[in-house]
Structures are given as C-alpha cells and as structure tokens.
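Listed here are the chains, written in short residue letters.
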Amino acid sequence: MLQLKNIDCGYGVFQAVHDLSFSIETGQVFALLGPNGAGKSSTIMSIAGHVKLFAGSIHFDGEDISSLPARERVKKGIAVAPEGRRLFPDLTIEENLTVGGYSKPKGKEAVNRDMVFSLFPRLTERLKQPAGTLSGGEQQMLAIGRAMMAEPRLLMIDEVSLGLMPKMVDVCYNAIHHLKSQGVTILLVEQNTKRALDVADQVCVLESGNAVWQGSAADAKKDPDLIEAFLGMTKESAA
Amino acid sequence: MLYVELLAQGLVQGSIYALVAVGLTLVYGLLRILHVAHAGLFTLGGYIGVLVTNATGSLLLALVVSMLVVGLLGMAIYRLCYQPILDKPPYVALIASIGLFIAMEEIYRIAFGPYGISYENPPLQDVVHIFGITLRLGEVAVGIGTLVLIGALALFASKTRFGTVWRATVTDPEMAESFGVDIIKVRYLNFFIGSALAAVAGVMVALLNNLVEPTMGSVPSYKALAIIVLGGLGDVRGTLLAALALGVIEAYGTIYLGNYLDRDAIAFAFLILVLMVRPQGLFGRA
Ligand SMILES: Nc1ncnc2c1ncn2[C@@H]1O[C@H](COP(=O)(O)OP(=O)(O)OP(=O)(O)O)[C@@H](O)[C@H]1O
Ligand SMILES: [Mg+2]
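Student: Whenever I open this one, the coordination of the magnesium ion (ligand 2) confuses me. Can you help?
Tutor: Note on metal geometry: ideal angles are 109.5 degrees for four donors arranged tetrahedrally and 90 or 180 degrees for six donors arranged octahedrally. Residues and elements named next belong to chain A. Within the protein, the magnesium ion (ligand 2) binds to Ser41 (OG), Glu83 (OE) and Glu83 (OE); these donor distances fall in the range 1.9 to 2.7 Å. Taken together, the positions of Ser41 in helix H1 (residues 40–48) and Glu83 in the loop between strand E6 (78–81) and helix H3 (93–100) put the pair 42 residues apart, joining distant regions of the chain. For Ser41, a relative accessible area of 18% corresponds to the buried category.

Next comes the structure, spelled out in structure tokens:
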C-alpha cells in the first residue's frame, strides 16, 4: 500500500534521513524503531507531506504522491497523530474532531465521531473541554481520534506511549489492535520496543537517518543481538 | 456620572482599538508577522469613508465600500508583499511591512493632500442622553457597530465548521493542513476580515474626529502592537479585552494623570506595568 523508495529528506540543507526504502502491506502494522534523533519523526512527517523530500519517491496505492501537498495526501487516506500530539489546544475535544474530519463531507462527521467515541469512550465525558487542559493520555486518545476522523487507510502514530501511564498505554494499544482488526494499516513509532514488537508485523530500525535493520517482528524478537544493539532492551524483557 | 461617562468613552475608544487590533493579532497568529502596514489600511478605510459619504451622502454605503475595498487590498498585500517572503526570517517581513506603511502614508499625502479631508455634512453628530450620560450619536454607533461586527465574527468562528477550522489554522497551520485545510485560502480570509474591520475603525475615527489625514494610522499602529502583546500574541479574545481595557485606562488616566502624562504615555506605562507582572500578556498562559 505504501512504498518509500530511496528517500532522502530533511530540513533546509540538513539531511535527516538517508536513502530509506521500505514498503507496508495493506492491513499491516509497521513499527519504526530507533534511538533519539534517528529520523523516525522526519520519516513520518515526510510521508504526511511536511518534511521536504530531497530525493526518492513515496507511492501510495501505486500512485506517486511525492509532490502532493499535505492537504491532498489526507484526502488519499493518510492521517497522522504526530509527535507531541499537536492538538489545537484552545479548541474543545469536539472541535478538534471537527477539524480532523475536515477532508470528509460534513455529513460524515457525526458517524465518524461516534466511531471515535466507541474507540475512546472517555472522550465523550469531556466534549466541551479545551484540548490543552486534557491529561496526557486523553490527549493521545484525541490525537488518534482526530486522525481517525479523516477515515484514513494508513494511520501514522508517532510516539504512541511516550509519557503515558501504563493504563493509558493499554488503552491506546487496545485501540490500535481494534483498528488493525478493522483493516486499517498502521505505521507507528514507539520507544517501548516490547509493546511495538507485540503489535507489529514488520519492523524497520533507523539509526542516524539510516535503516540498519528491516524484517518481521517475529524475527526481530528472535534476534537478540539486534535488540541489544539498536533497541536498548535486555534479552529477558524481550522474551 | 463622570465615572460612567468616562467608562463609556473609554469603551468607545477601546472598541476602535479592538477593531484595528483583531486583524493584527490574526495575522500574527497565522503567519508570525507583525503586520505594521495594517494601520495604513485603517487610514485608507477612513479616506474611503469620507470620500464615498461626500459623493453619495450615505455613510452606510461608504462603510460597505470601504470594508470591501480595504479587505481586498489586505488580501493583495498578503499576496504581493508577504507570500513571496514567508520562508525568510520574520524580520524580513517586518521590514517590508514598515516600508509599506511609510509608502502608504506618502501615497495618501500625494493623493489626498497633506492637510487631510473632512465630511462635508458630518453624519451622526447629534447628542443623545442615555442612562444619564451624554454621548454623540457617532460614539453610540461605534459601540453598537463594534458589538455587532465582533459578535458576528465570534459566531462565525465558534459555530461554523469553517470558523472552527480557521481557529485551528491560526494555532497550528501545519496540523490544520494535515487534515485537508487549504491554508492559503484561510490566509486570504484572514486578511480580508482583519482589513475590513480596520476599515470600519478608520471610518469611525474619521467620523468622531471629522478628519482623515495621511498620518492618522501612526498612533494606532504602535498602540495596536501594544494591545496584541497585552492580549497574548495571536489570542483574539485576549486582544479584544486588552483593547477595551486600554481604552478605559486611557479615559480615566487622561482625567486623573493628564497633567503629568499624555494619553499615549499612559497607554505605554500601562503596557510596561502589565508586562512586568505578566510577561505572557494579560490573559496568556504562562
Ligand atoms: N525542524 C527541524 N529542523 C532541523 N532539524 C530537525 C528538525 N526536526 C528534526 N531535526 C533533526 O533531524 C534529525 C532526526 O530527527 P527526528 O525528529 O526525525 O528523530 P526521531 O527519530 O523522531 O527522534 P526522537 O526519538 O527524539 O523523536 C535530528 O538530528 C534532528 O535534530
Ligand atoms: Mg521523533
């Protein structure tokens, strides 16, 4: 469904990602792992259309979307819950969802909102609350919910569990499992490697802007050296 | 009664500040540009108001024409002056904006003369008595007009889908674009509305002073900058409240401190005081 072919991307003259290629099949969960500054967020934001591509191409459903502006990419079915959530802080939960669904006809808003609320019932309790005053977990739910309002076929979530209490992490991963079962393709970035490997089908490990390992999550779990070297986990906790 | 009268006059003056400052804070929120030339549009609004009223005898028509022409010119300024330099550091746009403002003042001087122009038959000069205080009809019109316009804007921004999207775009344009918003369209709308409101303020100041001169925008230009800082840059509600507060402070200040400080000095003393205590502005979050 999504193919990155030899992409270089970055900011101004600074190149954050070098010659990266991977593809994601429909219905899969794809995890992008790696240490701080590896280029994970840059990769996601270049797929969303916000970080400049210097070279290479991005294909979605076989179509080259490399030069489409971000607002056209969401119409093709790509939505993002970005790093730091980046909710609209002064807007209420309800209004954040409205903006999330802006690429869809107004008539779909109510249905999609109900879908988000069934995914995260907790959001219904605070409809009129400004997003800036929500707890970290609620903000992540809203960020994912806002992205789901665009009816994406590819949902990208950057830093799913960063800064969340374990209970909230569970809520988010339950949602991810549910969306996967609904056929949504998911690209996620995660610091908590175990969590990521549990839900992912495929894994790509980035370091300093280069892909240093790619393969299935099952193989990643079997390869202790890889986990030692790149993912900063002990063998025991991966088992 | 003096207190109430001063309050009313302060609110009228504050309304005018509000109409000018809203456009400025919107542009700042969206583009992080201090749009100094905005005050030049305010002046042009005044000129068009006087010229059209004198030609047709209708203040209302003048107001509509002024809003439309100035609104469109605001869009043109965005397109021709700011859009080409958006990827440059913010001071580039600031310098361009100051240059444009000076050029506008000179153009008005050349086009309409250095001494300013006035209404031939100044409208709304009758005096009315409400709640025991005395106001000119023009002042009442300023108050009511501002209330209606800002009220309509608030309704649009809070109750419509596009209004919601507009507010979202002002806080995070990139994220808004991620959800399908054409941010160029939002910018045009932003400049149109902000400029049209400044035009209304220009027409009203022309009415209250019965004079429009080339430099009419210079005091509002820096005062509006002070107001949007007070209001918390980019925060529309804060800007409105700061504008009204400044109008009222000035009204009382000129009576009680007028012997020591003039009106504008009072305004800036207030700004400095507030920023010492609340650097994030009156209503901003820390
Ligand atoms: N807006 C920016 N301007 C310039 N350089 C940037 C910008 N954002 C990120 N970078 C640089 O790009 C490189 C990759 O950053 P990126 O945010 O993609 O890493 P990451 O893998 O998401 O890291 P983290 O785990 O810390 O979120 C880093 O060297 C970073 O300093
Ligand atoms: Mg990141």
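Student: Even after reading the chapter, I still don't get the packing of helix H5 (residues 137–159) of chain B against helix H6 (residues 161–171) of chain B, so can you show me in this structure?
Tutor: Working note: a packed helix pair is described by the angle between its axes plus the distance between those axes. Residues and elements named next belong to chain B. Between H5 and H6, the least distance of the axes is 5 Å, while the angle of their chain directions is 90°. On the basis of their axis angle, the class for H5 and H6 is roughly perpendicular. For the pair H5 and H6, the contacting residues are Leu153, Phe156, Ala157, Ser158 and Lys159 in the first and Arg161, Phe162, Gly163, Thr164, Trp166 and Arg167 in the second. The residue inventory of the contact of H5 with H6, partitioned by class, reads five nonpolar, three polar and three charged.

Student: Is there a simple way to explain the side chain of His59 of chain A in this structure?
Tutor: Residue and element names in this part refer to chain A. Mapped onto the elements of the fold, His59 is located in strand E4 (residues 52–60). For His59, a relative accessible area of 15% translates into the label buried. Within polar-contact distance, the side chain of His59 engages the side chain of Ser57 at 3.4 Å.

Student: Please clarify how the interface of chain A and chain B should be interpreted in this entry.
Tutor: Frequently, the measure chosen for interface size is the accessible area that the parts lose on association. The interface is formed by 26 residues belonging to chain A together with 19 residues belonging to chain B. Summed over both sides, the interface between chain A and chain B buries roughly 2,200 Å², with carbon and sulfur atoms accounting for 59% of that surface. If you look at where chain A meets chain B, you find five salt bridges. For Glu174 of chain B, the salt bridge goes to Arg86 of chain A, with nearest N and O atoms at 3.1 Å. For the interface between chain A and chain B, the tally reads eight residue pairs in polar contact (both at pLDDT 80 or more). Secondary-structure elements contributing two or more residues to the side of chain A that touches chain B are helix H2 (70–76), H3 and helix H5 (136–148) of chain A. The residue makeup of the side of chain A that touches chain B, split by class, is twelve nonpolar, five polar and nine charged.

Student: I tried to follow a nonpolar patch on the surface on my own but got confused; where do I start?
Tutor: Residues and elements named next belong to chain B. Taken together, the side chains of Leu2, Tyr3, Val4, Ile255, Tyr256, Leu257, Tyr260 and Leu261 define a hydrophobic patch exposed on the protein surface, amounting to about 830 Å² of accessible area. Those elements giving two or more residues to the nonpolar patch turn out to be helix H1 (2–31) and helix H10 (236–256). As for its placement among the helices and strands, Leu261 is situated in the loop between H10 and helix H11 (263–277).

Student: So what exactly am I meant to see when it comes to the site of ligand 1 here?
Tutor: Residues and elements named next belong to chain A. Lining the immediate environment of ligand 1, one finds 14 residues, of which Gly37, Lys40, Ser41, Ser42 and Glu83 sit closest. At 3.3 Å from a nitrogen atom of ligand 1 is found a side-chain nitrogen or oxygen belonging to Tyr11. Lys40 has a polar side-chain atom sitting 2.8 Å from an oxygen atom of ligand 1. Compared with its free state, where it exposes 630 Å², ligand 1 has 62% of that area covered by protein. Mapped by element, the contributors of at least two residues to the shell around ligand 1 are strand E2 (14–24) and H1. Counting residues per element, the shell around ligand 1 draws most heavily on H1, at three residues.

Student: Explanation requested: the sheet that holds E2 of chain A in the structure shown.
Tutor: The strands making up a sheet associate through hydrogen bonds between their backbones, and the pairing can be parallel or antiparallel. Residue and element names in this part refer to chain A. In space, the four strands of this open sheet follow the order E2-E1-E4-E5, with antiparallel pairing throughout. Across the chains shown, the open sheet's two edge strands, defined by having one partner strand only, are E2 and strand E5 (63–64). In this sheet, E2 lies alongside strand E1 (residues 2–11) in antiparallel orientation, the contact comprising seven bridges. Residue pairing across strands places Leu2 opposite Ile24, the latter belonging to E2.

Student: What am I meant to see in the pairing of strand E10 (residues 210–216) of chain A here?
Tutor: All names here are of chain A. As defined by bridge partners, strand E9 (residues 202–207) adjoins E10 across six bridges and the pair is classed as antiparallel. Directly across from Glu207, in E10, lies its bridge partner Asn210. Two successive antiparallel strands, E9 and E10, enclose a turn made up of two residues, where Ser208 displays a positive phi of approximately 45°.

Cut-off values and rules
- Residues numbered from 1 in each chain as written.
- Chains lettered and ligands numbered in written order.
- Predicted model: local features only at pLDDT ≥ 70, side-chain atom pairs only at ≥ 80, totals over all residues.
- Heavy atoms only, no water.
- Donors = N, O, S within 2.8 Å, 3.2 Å for Na, K, Ca; no water.
- Helix = DSSP H or I, 4+ residues; strand = E, 2+ residues; numbered from the N terminus.
- Buried < 20%, exposed > 50% of the residue type's maximum accessible area, 1.4 Å probe, protein only.
- Axes fitted to C-alpha atoms, helices over the stretch in contact; angles between N-to-C directions.
- Parallel < 35°, antiparallel > 145°, perpendicular 65-115°, else oblique.
- Contact = heavy atoms within 4.5 Å.
- Nonpolar A, V, L, I, M, F, W, Y, C, P; charged D, E, K, R; others polar.
- Polar contact = N/O pair within 3.5 Å; in protein donor to acceptor, adjacent residues only side chain to side chain.
- Buried area = accessible area lost by both parts, 1.4 Å probe.
- Salt bridge = Lys/Arg side-chain N within 4 Å of Asp/Glu carboxyl O.
- Patch = residues over 30% accessible without salt bridge, like charges linked within 9 Å, V, L, I, M, F, W, Y side chains within 5 Å.
- Areas by Shrake-Rupley, 256 points an atom, 1.4 Å probe, with all protein chains shown as cover.
- Near = heavy atom within 4 Å.
- Pairing = 2+ DSSP bridges.

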